[in-house]
Amino acid sequence: MIYTIQNAHLRVQIEDLGAQLASIQDQEGREFLWQGSPESWNRRAPILFPIIGRLKDNRYLVDGTAYELTQHGFARDMIFAVTQHSEQSVSFRLESSEETKRRYPFAFALTVTYTLQENQLIKSHRVENLSDRDMLYELGAHDGYRAAVREDFIQLEGTEAVALYGMDGDNMLTPKDREVSGKLPLTPMTYGRDTLVFDNPGCARLRTAQGEVAVSTQDFPYMGVWTPDKPFDTGFVCIEPWSTLPDGVFMGRELADKPGVRRLAPGQSETLTYTTTITRTAI
C-alpha cells in the first residue's frame, strides 16, 4: 500500500513494502525520484538493513557463529506496519521475527519516519535493541534520482577533492587508492569501479536541468554513488548515505569488525537521520 504526505512544496509517496520512497514530486507534478525499469534497475529507494552491500559468499559471523544474508539485507523486501500518518508525516515500523532471527540473530525494531518541512524531506531511522545482548547493525539508503547520467553531475559541498575507496572484480572494497575532484561524474565506471565510495560526505548536490537534489547526510559517515554500467544512459543515479562501509578485502568476517558498524546495548535505541532538499528550476 502507498501512503502520501504533502505540503505547498512537495508531494511524496511511500510504500509499506520496505518503507521505501515511491515518488517525490513538486507541486507542478515534476518527478524527481527514479521510477524503476527492468532494463536498468527495477527498484527505486530501498532501505539497507541490517547490512549494506554484499558479503563475501553471503556470509558473516557474530561471535564466531555464521549467518547468511543476501545483498543489502532483508528490510527492503518486508512489509512495515504504519504507526502514524498525518498530512506531512508518516512512520513505518518493522520488528524482528523468527524468520529474521535465522539470518540475523538479534531482536530489533526499526521505525522509519518521513517528514516534510517546506522543500525538505527529512528521513529518520530509529533502531531499537530488543535483545538481551549487544546488537550490531548497519543501516543505509539507496535512493535513486532522475538524472541525465552523461550530462549531469554531483557536487560535494565544500570539498575540492575526495579520496575514493578502491573496488575489486567481485565488488569488494579495497583501501583508498585515488583522490578525485569533488565534482563527481554520474558514471562510477569512469574511475574503473562499480560504485564511488568515500568518507565524510557532508552534503551531495545533484545538479540537473530540472533542479537540484541536495542530500545532507547528517548522521551517516559514509556515502556511495551508483548507477549501473550500461551502454545507454540509464536515466538515474543513486545517492546513498551509509552508516557503515560495505564488505571489503581488508575486513574480517565478524560483523563487529566492520568499519562504522553500530552497536546498541540491550534496551538502547538511536536515531539516524538525513535530509533531502529539492530545489526546482523555474518552468
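Note that the structure is a prediction, hence the values are computed from the model and not measured.

Draft legend 1. Inspection of the sheet that holds strand S14 (residues 153-156) at higher detail. Taken together, 9 strands build an open sheet; the order of strands is S7-S8-S9-S10-S24-S20-S19-S14-S17 and the sheet is antiparallel. Edge strands, defined here as strands with exactly one partner in the open sheet, are strand S7 (81-85) and strand S17 (183-185). Averaged over all pairs of adjacent strands, the angle between strand axes in this sheet comes to 20°, irrespective of strand direction. Looking at chain direction, strand S8 (residues 89-95) and strand S9 (residues 108-117) are connected through 7 bridges and run antiparallel. Paired with phenylalanine 92 across the bridge in S9 is valine 112.

Draft legend 2. Looking closely at the pattern of salt bridges. The tally for this structure, following the rule as stated, stands at 20 salt bridges. Here arginine 207 and glutamate 212 are joined by a salt bridge, their closest N and O atoms 2.5 Å apart. Residue class for glutamate 212 comes out buried when judged on its relative accessible area of 14%. Overlapping salt bridges, with partners in common, bring together Arg93, Glu95, Arg126 and Glu128 in one network.

Draft legend 3. Here's a closer look at the pairing of strand S15 (residues 161-167). When you tally the buried positions in S15, you get 5 out of 7 residues, the bulk of the element. Sheet topology places S15 next to strand S16 (residues 173-181); 7 bridges connect them, and they run antiparallel. Residue pairing in the sheet places valine 162 in a bridge with valine 180 of S16. With antiparallel pairing between neighbouring strands as the criterion, S15 and S16 make up a hairpin whose turn holds 5 residues, including asparagine 171 at a positive phi of roughly 60°.

Draft legend 4. Just the side chain of threonine 208, in detail. As for its position among the elements, threonine 208 is in the loop between strand S19 (203-207) and strand S20 (211-216). Looking at threonine 208, its side chain comes within polar contact range of the main-chain nitrogen of glutamine 210, at 3.2 Å. Residues contacting threonine 208, with those up to four places away along its chain left out, are Arg146, Ala147, Asp152 and Thr281.

Draft legend 5. Spatial organisation of the sheet that holds strand S1 (residues 2-6). As summarised here, the arrangement of the 3 strands in space is S1-S2-S3, forming an open sheet in which the pairing is antiparallel. The outermost strands of the open sheet, each flanked by one partner alone, are S1 and strand S3 (21-26). Taking the axes of each pair of neighbouring strands and ignoring which way they run, one obtains an average angle of 15° across the sheet. Examined bridge by bridge, strand S2 (residues 10-15) and S3 share 5 bridges and lie antiparallel to one another. Opposite valine 12, over in S3, you have isoleucine 24 as the bridge partner.

Rules used in this analysis
Residues numbered from 1 in each chain as written. Predicted model: local features only at pLDDT ≥ 70, side-chain atom pairs only at ≥ 80, totals over all residues. Heavy atoms only, no water. Pairing = 2+ DSSP bridges. Helix = DSSP H or I, 4+ residues; strand = E, 2+ residues; numbered from the N terminus. Axes fitted to C-alpha atoms, helices over the stretch in contact; angles between N-to-C directions. Salt bridge = Lys/Arg side-chain N within 4 Å of Asp/Glu carboxyl O. Buried < 20%, exposed > 50% of the residue type's maximum accessible area, 1.4 Å probe, protein only. Polar contact = N/O pair within 3.5 Å; in protein donor to acceptor, adjacent residues only side chain to side chain. Contact = heavy atoms within 4.5 Å.

Keep in mind these numbers describe shape, not what the thing actually does.
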